[in-house]
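What follows is each chain in one-letter form.
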Amino acid sequence: MTSSQQSTPTNGTEPVGHYDAIVIGAGVSGLYQLYRLRELGLSVRCYEDGDGVGGTWYWNRYPGCRFDSESETYGYSWSEELLQEWDWKEHYSGQPENEKYLNHVADKFDLRKDIQFNARVESAIYDEKTNRWEIKLESGQRAQTQFLIAAVGLLSARYTPPFEGVESFTGESFHTSRWPKEKVDFTGKRVAVIGTGATAVQLIPEIAPEVGHLTVFQRTPNYCAPCRNSEVAPETQRQWKATYPEIHKRCRETTVGMRHEFDRRKALEVPEEERLAFYEELWAKPGFTKWLSNFHDIMTNAKANEDFAEFVRNKIRARVKDPIVAEKLVPKDHPFGSKRIPLETHYYEAYNRDNVLLVDVREAPIERITPKGIKTTEREYAFDVIIYATGFDAVTGSLTRIDMRGEGGQTIKDKWANGPRNYLGIQTAGFPNFFIAINSAFCNYTVCAESIVEWITDCIRYMREKGLRCIAPKPQVEDEWIAYINKVAEGSIMTQARSAWFMGTNIPGKPRAVLLNPLPAPAYRAKCAEAAANGYEGFVLQ
Ligand code: N01
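Residues numbered from 1 in each chain as written. Predicted model: local features only at pLDDT ≥ 70, side-chain atom pairs only at ≥ 80, totals over all residues. Heavy atoms only, no water.

**Q** Would you mind showing me how to read the sheet that holds strand 14 (residues 366-369) here?
**A** In a beta sheet, neighbouring strands are held together by backbone hydrogen bonds and run either parallel or antiparallel to one another. Across the sheet, which stays open at both edges, the three strands sit in the order 14-15-16 with antiparallel pairing between neighbours. The open sheet has two edge strands with one neighbour each: strand 14 and strand 16 (380-382). For this sheet, the mean angle separating the axes of adjacent strands, direction not counted, is 20 degrees. Pairing of strand 14 with strand 15 (residues 373-376) involves three bridges; the strand directions are antiparallel. Directly across from Arg368, in strand 15, lies its bridge partner Lys375. (Pairing = 2+ DSSP bridges. Helix = DSSP H or I, 4+ residues; strand = E, 2+ residues; numbered from the N terminus. Axes fitted to C-alpha atoms, helices over the stretch in contact; angles between N-to-C directions.)

What follows is the structure in structure tokens.
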């Protein structure tokens with residue numbers, strides 16, 4: 001045990017662990033953060049709520065769960081050995097494989113010895129006298145640290161609508177992001193799915209053939225695009241392994257950290273025939289090509305957006321046999337890309353099955369959950385299983401659910417009452433030495449998360465080299481950053497859906513705010529690098 005890990009007894013109860021750094025969460029960002037800080041020679045403890053590593057890929061085990069990024073761009077880029085020894089089986093890898101990958105990383109780099117599982121952080125209180133954070137777990141266990149890094153994920157605080165009677169239901173119910181490890185047997189059962197976001201879109205076609213009857217409660221239809229997943233051919237695998245540096249270089253250069261890049265032409269300046277041929281070409285390709293390699297102005301120009309949106313609507317209409325059901329599945333109240341585009345496999349065909357019913361809850365809202373099932377304003381439906389695919393209190397929820405108190409005892413919940421306040425998305429004024437390792441960019445998760453983890457690591461290295469005790473952003477710089485982010489987002493289609501998790505509008509009562517960094521990934525990284533290169537300009541260092 002190093003001196004910084006020593007434990008001190010507390011009133012005869014459990015000893016308090018002392019660390020240089022505590023990382024909350026052992027998902028994609030947390031594992032890498034732990035690895036990097038340990039490399040710096042710090043004593044680090046990672047607390048993880050689950051009983052295994054993986055974060056998103058640990059909790060979301062629902063049938064059909066998989067990447068919407070290309071597998072070869074989702075794996076960590078920082079270990080050549082890891083890149084060479086890992087074979088991705090599918091182009092859009094599924095949850096079991098993704099969890100296996102992150103377990104492989106944890107084992108390979110011997111990360112488990114510094115992770116405490118089943119350890120949910122209840123509170124984090126900053127002590128201004130010692131400049132240290134005191135952490136308390138739900139179990140009552142306590143620890144102290146100089147640096148606190150929240151790698152808690154942007155989509156991890158699950159959201160279940162507060163329907164009356166939820167507890168009264170006598171059948172089984174599941175939230176997709178807390179799916180059991182054991183296989184759920186749906187054979188012959190009457191199953192309800194509430195929600196039609198990316199999660200439900202992956203789940204529905206997987207379970208539809210297995211259930212007795214499936215009823216889908218939809219509030220907002222989405223523009224779902226074919227995933228076109230397939231197995232990775234050995235030759236492709238070899239090619240990836242030979243070209244990883246180029247693949248990662250490309251990801252670092254593009255707007256969203258994937259291999260896709262927007263087309264610089266303006267949609268409506270391209271002659272109609274050529275434009276439609278381009279749309280068809282994009283549509284035939286896998287993944288987000290049809291969104292992120294599309295004309296760039298579909299994300300800023302309403303007319304350009306509508307042109308493509310109508311193309312997608314017609315694709316949906318062509319796949320659903322019953323025209324009334326098809327029209328219900330066609331999104332009309334928000335632009336394409338103002339909600340994240342779900343990637344699907346046989347989603348629309350599920351509605352052609354005799355055992356699948358679509359209920360539009362805008363026509364007949366859910367009134368309550370009953371002991372037997374779900375009651376809408378029109379009728380009561382009886383179920384054996386209710387699945388809540390109702391999403392997340394995104395970005396801020398996983399932090400505001402921790403009792404976090406910074407200088408003067410201010411809670412993060414109060415500070416963020418009108419939306420998140422931060423500088424570069426990484427630190428928030430009044431909470432010294434607290435870092436947010438959440439990739440809140442609209443990007444490939446890993447590529448962007450790596451750069452944030454590296455920025456935090458460099459910052460901590462700098463502080464130790466200079467003998468500095470604490471760092472926090474200047475409030476004025478934070479205000480300017482938030483104003484700037486809002487201004488950038490203003491011109492984007494991204495802000496225009498009635499309900500979208502990245503604007504907080506999916507949660508009743510949550511303030512509408514730009515939760516995702518709308519800057520192109522390279523521009524965002526440049527801002528972070530510039531602040532660091534100028535001696536952490538915009539921050540107060542002591
Ligand atoms: O959550 P969502 P998600 N009554 O918020 C509905 C990522 N992800 O878990 O749209 C009735 O998108 C709600 O309706 P509405 C991805 O980034 C990635 O599906 O708000 N319905 C919506 O239909 C994604 O964007 C992958 O009107 C209610 C649904 O519940 C993000 O996670 C796979 C309701 C929630 O959809 C979140 O996706 C899956 C109510 N009271 C997810 N309240 C990959 O492929 C909510 N809804 C990697």
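**Q** When you look at the domain arrangement of the chain in this model, what are you seeing that I'm missing?
**A** In terms of domains, the chain is made up of domain 1 (3-53 + 111-157 + 394-541) and domain 2 (225-388). Centre-to-centre, using C-alpha coordinates, domain 1 lies 32 Å away from domain 2. A buried area of about 1600 Å², summed over both sides, lies between domain 1 and domain 2, and 58% of it is on carbon and sulfur atoms. Across the contact surface, domain 1 and domain 2 share one salt bridge. The closest approach of N and O atoms between Asp333 and Arg498, which form a salt bridge, is 3.2 Å. Applying the counting criterion to the domain 1 and domain 2 interface returns five residue pairs in polar contact (both at pLDDT 80 or more). Its residues assigned to classes, the side of domain 1 that touches domain 2 shows twelve nonpolar, five polar and two charged. (Domains from an automatic or database assignment. Buried area = accessible area lost by both parts, 1.4 Å probe. Salt bridge = Lys/Arg side-chain N within 4 Å of Asp/Glu carboxyl O. Polar contact = N/O pair within 3.5 Å; in protein donor to acceptor, adjacent residues only side chain to side chain. Nonpolar A, V, L, I, M, F, W, Y, C, P; charged D, E, K, R; others polar.)

**Q** Sorry if this is basic, but what is going on with the side chain of Thr376 here?
**A** Looking at the secondary structure, you find Thr376 in strand 15. Aside from chain neighbours lying at most four places away, what touches Thr376 is Phe217, Ala364, Pro365, Ile366, Glu367 and Tyr381. (Contact = heavy atoms within 4.5 Å.)

**Q** How do you make sense of the site of the ligand when you look at a structure like this?
**A** With respect to spatial proximity, 27 residues lie near the ligand, and among them Thr199, Arg219, Thr220, Ser499 and Trp501 are the closest. Contacts to the ligand include Arg340, whose side-chain N or O atom sits 3.3 Å from an oxygen atom. The backbone of Ala389 places a nitrogen or oxygen atom 3.3 Å from an oxygen atom of the ligand. Here the ligand loses 90% of its free accessible area of 910 Å² to cover by the protein chains. Ranked by residue count, the leading element in the shell around the ligand is helix 6 (residues 198-207), at three residues. Mapped onto the domain boundaries, the shell around the ligand takes at least three residues apiece from domain 1 (3-53 + 111-157 + 394-541) and domain 2 (225-388). (Near = heavy atom within 4 Å. Areas by Shrake-Rupley, 256 points an atom, 1.4 Å probe, with all protein chains shown as cover.)

**Q** I tried to follow the packing of aromatic side chains on my own but got confused; where do I start?
**A** Given two aromatic rings, their pairing is described by the distance between the two centres and the angle made by the two planes. This structure, assessed with the given rule, holds 45 aromatic pairs. Here the aromatic rings of Trp86 and Trp88 are separated by 5.8 Å at their centres, their planes lie at 70 degrees, and the arrangement is edge-to-face. Judged by relative accessible area, which is 3%, Trp88 ranks as buried. A ring pair is formed by Trp88 and Tyr101, whose centres lie 4.9 Å apart and whose planes are at 45 degrees; its orientation type is tilted. Here Tyr101 lies in helix 5 (residues 95-108) and Trp88 lies in the loop between helix 4 (80-85) and helix 5, a separation of 13 residues in the sequence. Residues Trp88 and Tyr101 agree in their burial class; the two are buried. Each member of the aromatic cluster is reached from another via a ring pair, and the members are Tyr32, Tyr35, Trp57, Phe67, Tyr74, Tyr76, Trp78, Trp86, Trp88, Tyr101 and Phe109. Above the ring of Trp59, the side-chain terminus of Arg178 is found at 3.9 Å from the ring centroid. Stacked on the ring of Phe278, the Lys or Arg Arg265 has its end atom at 5.0 Å from the ring centre. (Phe/Tyr/Trp six-rings, centres within 6.5 Å; stacked < 30°, edge-to-face > 60°. Buried < 20%, exposed > 50% of the residue type's maximum accessible area, 1.4 Å probe, protein only. Lys NZ or Arg CZ within 6 Å of the ring centre and 35° of its normal.)

**Q** Where do I start with the side chain of Asp393 in this structure?
**A** Tracing the chain through its elements places Asp393 in the loop between strand 17 (385-388) and helix 13 (397-400). Given a relative accessible area of 13%, Asp393 falls into the buried group. Excluding anything up to four places from it in sequence, Asp393 contacts Ala157, Tyr159, Ser398, Arg401, Ile507 and Lys510.

**Q** Would you explain the pattern of salt bridges in this entry?
**A** Side chains that carry opposite charge are capable of pairing whenever their charged atoms lie near each other. Overall, the coordinates contain 45 salt bridges when judged by the stated rule. Here Glu122 and Lys136 are joined by a salt bridge, their closest N and O atoms 3.3 Å apart. Here Glu122 is found in strand 5 (residues 121-127), whereas its partner Lys136 is found in strand 6 (residues 132-137), with 14 residues between them in sequence. The partner of Lys375 in a salt bridge is Glu367, and the shortest N-O contact between them spans 3.0 Å. Lys375 sits in the partly exposed class, given a relative accessible area of 28%. Its relative accessible area of 43% is what places Glu367 among the partly exposed residues. The network of salt bridges with shared partners includes Glu306, Glu310, Arg313, Arg317, Glu327 and Lys332.

**Q** Where do I start with the sheet that holds strand 17 in this structure?
**A** If you walk across this open sheet you meet the five strands as 8-17-9-10-13, and the pairing is parallel. Of all strands in the sheet, those with a lone pairing partner are strand 8 (172-175) and strand 13 (356-360), marking the two edges. Pairwise comparison of adjacent strand axes, ignoring direction, gives a mean angle of 15 degrees for this sheet. Pairing between strand 9 (residues 190-194) and strand 17: four bridges, direction parallel. By the bridge assignment for strand 17, Ile194 is matched with Tyr388. Helix 6 contacts strand 9, strand 10 (213-218) and strand 17 of the sheet and is inclined by roughly 165 degrees relative to strand 9.

**Q** Just checking my understanding: could you explain unusual backbone geometry for this structure?
**A** A negative phi holds for most residues other than glycine; trans holds for most peptide bonds. Notably, Asp110 is not glycine yet its phi reads approximately 50 degrees, a positive angle. On the secondary structure map, Asp110 appears in the loop between helix 5 and strand 4 (115-116). Phi at Val395 takes a positive value of approximately 65 degrees, unusual for a residue other than glycine. Mapping Val395 onto the fold places it in the loop between strand 17 and helix 13. For Val395, a relative accessible area of 9% puts it in the buried group.

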